[in-house]
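So the chains spell out like this:
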Amino acid sequence: MTNASFLTSYVNRFVETIRQAGIEDIVLCPGSRSTPLAYGFAKTSGFNLYRQIDERSAGYFALGIAKAKKNPVVLLCTSGTAAANFFPAIVEAYYARIPLLIVTADRPHELREVGAPQAIDQIHLFGKHVKWSVDFPLPEEREESLAFIERHIHRAVSSAKGAPMGPVHINVPFREPLLLEMDRPASIPQMQQTEIGKLMPSEECINWYTQLITNTDKGLIIAGDSLNSTVGFWEFVKAIQWPVLADPLSTLRSNVPMDCMHLCIDQYDAILKSEAFMQSAIPDAVIRFGAQPVSKPLMKFLEANPPKTFIAVDESPLFRDSLHVVTHHVQVDPSSLWFQVEEKQSSSYLENWSKANDIATNHIKMYISEQTDEGALAGTFFEVLPDKTDLIASSSMPIRDVDTFFNKTSKDVHVYANRGTNGIDGVVSTALGIQAATKRPGYLLIGDLAFLHDVNGLIVTRFSETDLTIVIMNNDGGGIFSYLPQSTETNYFEHLFGTPTGLEFSAIATMYDAQYDVVHTKEDFQAVLSKDKMKNIRMIEVRTDRQNNTETHRKLWAAITKELDVTWKA
């Protein structure tokens, strides 16, 4: 048997096992050492194959697909520093619990640590930021090697999908020559499938949980990111009549049933700035589903007023409790606790939250209508989002404006963001990956610096169809820093944190054949948003002022706080 023959058997078994494990999406970056696997995936039907030249952007593109589908995505590259460029996306995937199957081609063992080109130490390259890592054997004429491949691929996929989901790493060495026998059909792997069950609560847990809900009037539900499903949630909440503080990434601000609108509290970030309201809102019990929300005022509220019972429901044994206020960690599938309980009557506690939320919402709507800063422009943007679309928000100011200005709605608008590590890198690629996965129109809200971080992400649009509108809030620098204490040091602030670039983005739009508009007023922005999208990529550059944005946001919060203080002190 020739090298090409057993290399082909090896690659065919690798690729066919990936397919039978239920993976549909392959993101590959061109490179020599990964040639066998690139050809193997390309010649096998049943895959969605995406190409990206830039490995850092490719990592985030794969992350976007996996985030939307909640299914592992293969991310393939050649040997050397190509693999290192995946690292930022892998770190995000690890902390955001996104399943990735990173496959790095490598030099054979005799070319490691001897000065060979494009050879770095790739064993455990990603350290503790992957759930599991394995170095595969070299292709050889041995059935045991093929059996090893099958079982370890299934283990890798199970590890990526098991709670908590996350990235795994397979390192695959190849000797030259690297070409396959392209016409050889793949054999059917012996191992066909693995199953992952759901963690269910015990009868003792159910009884305790039910009794807590029944005996608690001042109860609060916090819904954060990472809810894999929301089916049955609102039926459960209608029965228990507890207010739900819905982070925008929980998806619970969208598709809200009309008879549950009063239960959905979407302005908690604003209303918890009022000391008078906070004193009336202290809960006896809190149940949190998903990750900790974006809102800092909510975190401060819980830290200052830890409830007697704080339940964190999580499929993972990992504690997400940076405030150290959780009293009970319940490791089950969250939906297993949305069962039917005896219906309760509405309480004054719920009415307080709902009333405060209405007050804040009235201020927010008036603000969107009358003001012209970034927040009002973001709110204007959210109001015109069509049904059955996806909204992707960058970190820093965009996700905070989503938290404040994206009001609960009966429309189907799914909100995404990278909040595993809250970075601004890779956001364009993540948005493109999400759109590729969902096939729904995508809308990205991003700042100028975050956009510049991942301009290379647009390369993928030269190889794949897309439908993405990018709204760039260009305040010429890092807007979030204007809200932080370092902004008071005026001598160095602009140089070190504001970092104005003076750039505008029409040339980038031209490079990628994007539909482009630049707007300077709210009226122009509304007019552009009403225009038809004519190309695969649409870029709307919105010129804003950082200082004005900071001042008007603070005035809004002050106005809400003032009315709440007057109302709850009365």
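A quick note: this is a predicted structure, and the numbers were derived from the prediction, not measured.

### Some remarks on the overall build of the protein
Right, on to step 1. Regarding its fold elements, the protein presents 20 helices and 18 strands.
Right, on to step 2. In terms of overall dimensions, the protein is globule-like: its C-alpha atoms have a radius of gyration of 25 Å, near the 25 Å expected for 570 residues.
Right, on to step 3. Along the first, second and third principal axes, the C-alpha atoms of the protein reach 90 × 60 × 45 Å.
Right, on to step 4. Counting only residues that meet the buried cut, the protein has 59% of its 570 residues in that class.
Right, on to step 5. Summarising the internal contacts of the protein: among those between residues at least 6 apart in sequence, 77% fall at separations of at least 24.

### Digging into a nonpolar patch on the surface
Right, on to step 1. A contiguous nonpolar surface patch, about 290 Å² in accessible area, is contributed by Y39, L179 and M182.
Right, on to step 2. Inspection of the secondary structure puts M182 in the loop between strand 6 (167-173) and helix 7 (203-214).
Right, on to step 3. With relative accessibility at 37%, the residue M182 sits in the partly exposed group.

### Here we look at the sheet that holds strand 8 (residues 244-246)
Right, on to step 1. Spatially, 9-8-7-10-11-12 is the arrangement adopted by the six strands of the open sheet, whose pairing is parallel. Looking at which strands have only one partner, the edges of the open sheet turn out to be strand 9 (264-265) and strand 12 (328-330).
Right, on to step 2. As defined by bridge partners, strand 11 (residues 309-313) adjoins strand 12 across three bridges and the pair is classed as parallel. Within strand 12, the position partnered with V313 by the bridge is V330.
Right, on to step 3. Contacts between helix 7 and the sheet are confined to strand 10 (285-289), strand 11 and strand 12, with strand 11 contributing the most and set at about 130° to the helix.

### A closer look at the nonpolar core
Right, on to step 1. In this structure, L298, L302, W353, F381, F382, L391 and F525 are the most contacted members of the largest nonpolar core, which totals 60 residues.
Right, on to step 2. Looking at which element gives the most residues to this core, the answer is helix 12 (residues 348-370), with eight residues.
Right, on to step 3. Contacts of F381, omitting those with residues within four sequence positions, involve L391, Y443, L445, V471, F525 and L529.
Right, on to step 4. The next biggest cluster of nonpolar side chains, apart from the first, holds 51 residues, and it includes I90, Y416, V427 and A514.

### Remarks on the pattern of salt bridges
Right, on to step 1. Per the stated rule, a full pass over the model turns up 24 salt bridges.
Right, on to step 2. Of the charged contacts in the structure, one is a salt bridge between K273 and D269, with a shortest N-O distance of 3.1 Å.
Right, on to step 3. For K273, a relative accessible area of 30% puts it in the partly exposed group.
Right, on to step 4. One continuous salt-bridge network, built from bridges that share partners, spans R13, E143, E150 and R151.

### Observations concerning the side chain of N171
Right, on to step 1. Turning to its location among the elements, N171 is positioned in strand 6.
Right, on to step 2. On the basis of relative accessibility, which here comes to 1%, the residue N171 falls in the buried class.
Right, on to step 3. With residues near it in sequence (within four places) discarded, N171 still touches T104, A105, D106, R112, Q122, I123, V134, D135 and F136.

### Looking at the sheet that holds strand 2 (residues 48-51)
Right, on to step 1. With respect to topology, six strands assemble into an open sheet ordered 2-1-3-4-6-5, the strand pairing being parallel. For this open sheet the edge positions go to strand 2 and strand 5 (132-135), each flanked by a neighbour on one side alone. Strand-to-strand twist across the sheet, computed as the mean angle between neighbouring axes with direction ignored, equals 15°.
Right, on to step 2. Of the strand pairs in this sheet, strand 5 and strand 6 are connected by four bridges, and their pairing is parallel. Bridge assignment links W132 to a residue of strand 6, and that residue is V168.

### Thoughts on the pairing of strand 15 (residues 442-447)
Right, on to step 1. Of all six residues in strand 15, six are buried; the element is thus mostly enclosed.
Right, on to step 2. Of the two faces of strand 15, both are covered, the one formed by G442, L444 and I446 as well as the one formed by Y443, L445 and G447.
Right, on to step 3. Relative to strand 15, strand 13 (residues 389-393) runs parallel, the two being bridged by four bridges. Counted as the bridge partner of L391 is Y443 from strand 15.
Right, on to step 4. The pairing of strand 15 with strand 16 (residues 468-474) spans six bridges and is parallel. In the sheet register, L444 faces strand 16, and the bridge partner there is I470.
Right, on to step 5. Where the polypeptide runs from strand 15 across helix 16 (residues 448-453) and back to strand 16, its parallel neighbour, the crossover connection is right-handed.

### Thoughts on helix 20 (residues 546-569)
Right, on to step 1. Over its 24 residues, helix 20 extends 34 Å from the first C-alpha to the last, a length consistent with the 34 Å expected when each residue adds 1.5 Å.
Right, on to step 2. Along helix 20, the residues that are buried comprise R546, N549, T550, T552, H553, L556, W557, I560, T561, L564, D565 and W568.
Right, on to step 3. At the N-terminal end of helix 20, a side-chain oxygen is found 2.7 Å from the backbone nitrogen of N548, two or three residues along, and the residue is D545.

Rules and cut-offs
- The residue numbering used here restarts from 1 in each chain and proceeds along that chain's sequence as written.
- Under the rules for a predicted model, residues below a pLDDT of 70 receive no local features and side-chain atom pairs below 80 are neither given nor counted, while totals for whole chains, interfaces and linings still include all residues.
- Neither water nor hydrogens contribute to the side-chain values; these are computed over all heavy atoms in the structure.
- The way it works is that DSSP assigns letters per residue, a run of H or I at least four long becomes a helix, a run of E at least two long becomes a strand, and they are numbered from the N terminus.
- It is over C-alpha atoms that the radius of gyration is taken, and the globule rule equals 2.2 Å times the number of residues to the power 0.38.
- Exposure is judged per residue with a 1.4 Å probe applied to protein chains only, and the accessible area is read against the type maximum: over 50% gives exposed, under 20% gives buried, and values in between give partly exposed.
- A contact between two residues is defined here by any heavy atoms of the two lying within 4.5 Å.
- Two distance rules govern patches: like charges are joined within 9 Å, and nonpolar side chains (Val, Leu, Ile, Met, Phe, Trp, Tyr) within 5 Å, applied only to residues with over 30% relative accessible area and no salt bridge.
- Note that accessible areas follow from Shrake-Rupley with a 1.4 Å probe, and for residues the cover is restricted to the protein chains shown.
- We define a salt bridge as a contact between a side-chain nitrogen of Lys or Arg and a carboxyl oxygen of Asp or Glu at a distance within 4 Å.
- Between any two strands, at least two bridges found by DSSP are needed for them to pair.
- An axis is simply a line fitted to the C-alpha atoms; with a helix, the fit covers only the stretch in contact. Between two such axes, the angle follows the N-to-C directions and lies from 0 to 180 degrees.
- Take the buried residues of types Ala, Val, Leu, Ile, Met, Phe, Trp, Tyr and Cys, join any two whose side-chain atoms come within 4.5 Å, and each joined set is a nonpolar core.
- The crossover handedness rule: strands pointing away from the viewer, path from first strand over the helix to second strand clockwise, crossover right-handed.
- To estimate the expected span of a helix, count its residues, drop one, and scale the result by 1.5 Å.
- In the analysis that follows, any N or O atom pair within 3.5 Å is treated as a polar contact, provided that within protein one partner can donate a hydrogen and the other can accept it, and provided that, for residues neighboring in sequence, both atoms belong to side chains.

All quantities given are derived from atomic positions and should not be read as evidence of function.
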